[in-house]
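Secondary and tertiary structure notes
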Amino acid sequence: METPNELKDLSREELIEIILELQKRLLVYENAHTPPSQQRKYPKRESSNNKIGAPEGHEGTTRAAQEPNKFEALKLDFCPDCKRQLGRPRSVHKKIIEDIQEPQPLTITQFTIPHYFCNYCNAEVIPSHPGLPDEGRFGYNLQAQIALMKYEDRLPHRKIAKTLNRQYGLQITPATILDITRRVADKLQSAYEAIKEEVKNSKQLVADETGLKVRGKTFWLWAFISLTSVLFLIRKSRGQSPIREALGNYDGKITCDGWASYTKVVKTIQRCWAHLLREAKWYAEKYEGQARIVHEWLCRLFRQIKDSLDKPREFREKIYKNCIVKMQFFIASCKVHKELRKFAEKLENGLNYWFTCLLHPEIDMTSNKAERILREPVVQRKISSLWNEKGVMIKETIMSVLATWNLRGLNTNSMLRETLSS
């Protein structure tokens, strides 16, 4: 292989420096297989140079002590040094200690289940019990614990097996743990379908999507968040079909990024300003000049919109028209500069969607809520992957129900045990 002409005259130190720079770029995934959105390097946050820790004069807070439910009184009759008898204590103080119980052994229950025959309705009748699962020999408390360890504690199946063995002496295989999560997902199907209906009937949503691998192939994890529900869908398509499946003939309002599939399904859309300002900042850091001026204009416009959301409708409608005119001016100023023409195209494509919140102030200006909800599955995809359609069903069902309960401020452990045993 011939050495390129531009490298022939370089010294050994300069060649080493180029190689090290290439290695750094590969480490941040800047290569031919990286999508352009991930190649873009957004500027790092500027250091505030503030000291670490609380500022001087800050009053610290201590965690409030809990009410004791067990009492121990210590007593000493003889001195441990001279072995002489001790009298009354000079003083007494109390100290509250919070601890957990020692690992408890498994509760292994044998159910004796009679089968009756009803002569009146001609059917077999079997008594039920809330601790008797419909399938398998693992109880609902254990099933709930395994589901939470997998989808809230982010533990792989083998780690769950190891933890249960350490705490309870339970011998269980990773394959059995996978099947238990399938049983949990089956029991949560009615709750999952109810979440789907709530999302379809909601008046406002925040939506986002991210990539996910299923047996090495790219799928898409969709998140639709209403005020009280979270719906996850894992589908092969990033087009319109998952949106139509989740929303049906949706006539509400949705906050999302600039993905074109949303505009083909939903009429009333608010484009995410967080995405817009991040990209504007990137252009400002890279190109300076006009790009920095546009970034500052957009930041001021964003603050103006936020300050106008609580104003009367007539005032907001005037601001809406004014913002359209300003954005058209920004677009024209960006088109003059070659390096900003792509950004101008982004602004122009979303012109009818940047200011929807002025006409409907109840909706979110950013899709940050969806990004926060997606953070959990994004972390989980780095820990374990999906291998088949069964895993897809289990993940989207359990994570939707748990995320919905969390959004509503409910205790996922008690809710899961109650739902499984009902």
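Before any of the text, the structure's been laid out above.
In this report, we go over the structure that sits alongside the text. (Residues numbered from 1 in each chain as written. Predicted model: local features only at pLDDT ≥ 70, side-chain atom pairs only at ≥ 80, totals over all residues. Heavy atoms only, no water.)

This part takes up a positive patch on the surface. On the surface, a cluster of positive charge is made up of R158, K159, K162 and R166. Turning to its location among the elements, K159 is positioned in helix α5 (residues 157-168). Judged by its relative accessible area of 34%, K159 falls in the partly exposed class. (Patch = residues over 30% accessible without salt bridge, like charges linked within 9 Å, V, L, I, M, F, W, Y side chains within 5 Å. Areas by Shrake-Rupley, 256 points an atom, 1.4 Å probe, with all protein chains shown as cover. Salt bridge = Lys/Arg side-chain N within 4 Å of Asp/Glu carboxyl O. Lys, Arg positive; Asp, Glu negative; His and termini not counted. Charge placed at Lys NZ, Arg CZ, Asp CG, Glu CD. Helix = DSSP H or I, 4+ residues; strand = E, 2+ residues; numbered from the N terminus. Buried < 20%, exposed > 50% of the residue type's maximum accessible area, 1.4 Å probe, protein only.)

So, on to the packing of helix α16 (residues 389-407) against helix α17 (residues 412-421). Here α16 crosses α17 at 130°, and the two axes come no closer than 10 Å. Taken together, the axis directions place α16 and α17 in an arrangement best described as oblique. Crossing hand, α16 versus α17: right-handed. On α17, the residues touching L402, W405 and N406 of α16 are T412, M415, L416 and T419. Tallied by class, residues from the contact of α16 with α17 come to four nonpolar, three polar and no charged. (Axes fitted to C-alpha atoms, helices over the stretch in contact; angles between N-to-C directions. Parallel < 35°, antiparallel > 145°, perpendicular 65-115°, else oblique. Left-handed = near helix turned anticlockwise from the far one by under 90°. Contact = heavy atoms within 4.5 Å. Nonpolar A, V, L, I, M, F, W, Y, C, P; charged D, E, K, R; others polar.)

Structurally, the position occupied by D77 is in the loop between α3 (36-39) and β1 (116-118). Residue classification places D77 among the partly exposed residues on the basis of a relative accessible area of 41%. Considering only alpha carbons, one finds D77 and G87, 10 residues apart in sequence, at a separation of 7.6 Å. Excluding anything up to four places from it in sequence, D77 contacts R84, Q85 and L86.

Another aspect to go through is the side chain of T210. You can see T210 is positioned in strand β3 (residues 204-214). There is a polar contact of 3.0 Å between the side chain of T210 and the side chain of R381. Sequence-distant contacts of T210, defined by excluding residues within four places in its chain, comprise F219, W220, L221, L374, V378 and R381. (Polar contact = N/O pair within 3.5 Å; in protein donor to acceptor, adjacent residues only side chain to side chain.)

The final tally for this structure, using the stated rule, is one cavity of 30 Å³ or more. For the largest cavity, the calculated volume is near 40 Å³. Around the largest cavity, the lining residues are K150, R154, L155, Q380, I383 and S384. A per-class count over the lining of the largest cavity returns two nonpolar, two polar and two charged. (1 Å grid on protein atoms, 1.4 Å probe; cavity = no way out; pocket = protein on both sides within 12 Å on 5 of 7 lines; lining within 4 Å. Points joined across faces, edges and corners; volume = space filled by probe spheres on them.)

For the rest of this paragraph, the subject is the pattern of salt bridges. Enumeration over the complete set of coordinates arrives at 20 salt bridges. Between K187 and D134 there is a salt bridge, with its nearest N and O atoms 3.3 Å apart. One end of the pair, K187, is in helix α6 (residues 174-187); the other, D134, is in the loop between β2 (123-125) and α4 (140-151), with 53 residues separating them in the sequence. For D134, a relative accessible area of 66% gives the class exposed. Put simply, R238 and E209 hold a salt bridge, and the shortest N to O gap is 2.8 Å. With a gap of 29 residues between them, R238 in the loop between β5 (230-235) and α8 (240-247) and E209 in strand β3 connect regions that are remote in the sequence. By relative accessible area, which is 25% here, R238 ends up partly exposed. Here E209 falls in the buried class, since its relative accessible area comes to 6%. Counted as one network, the salt bridges with shared partners bring together E135, D179, R182, R183 and D186.

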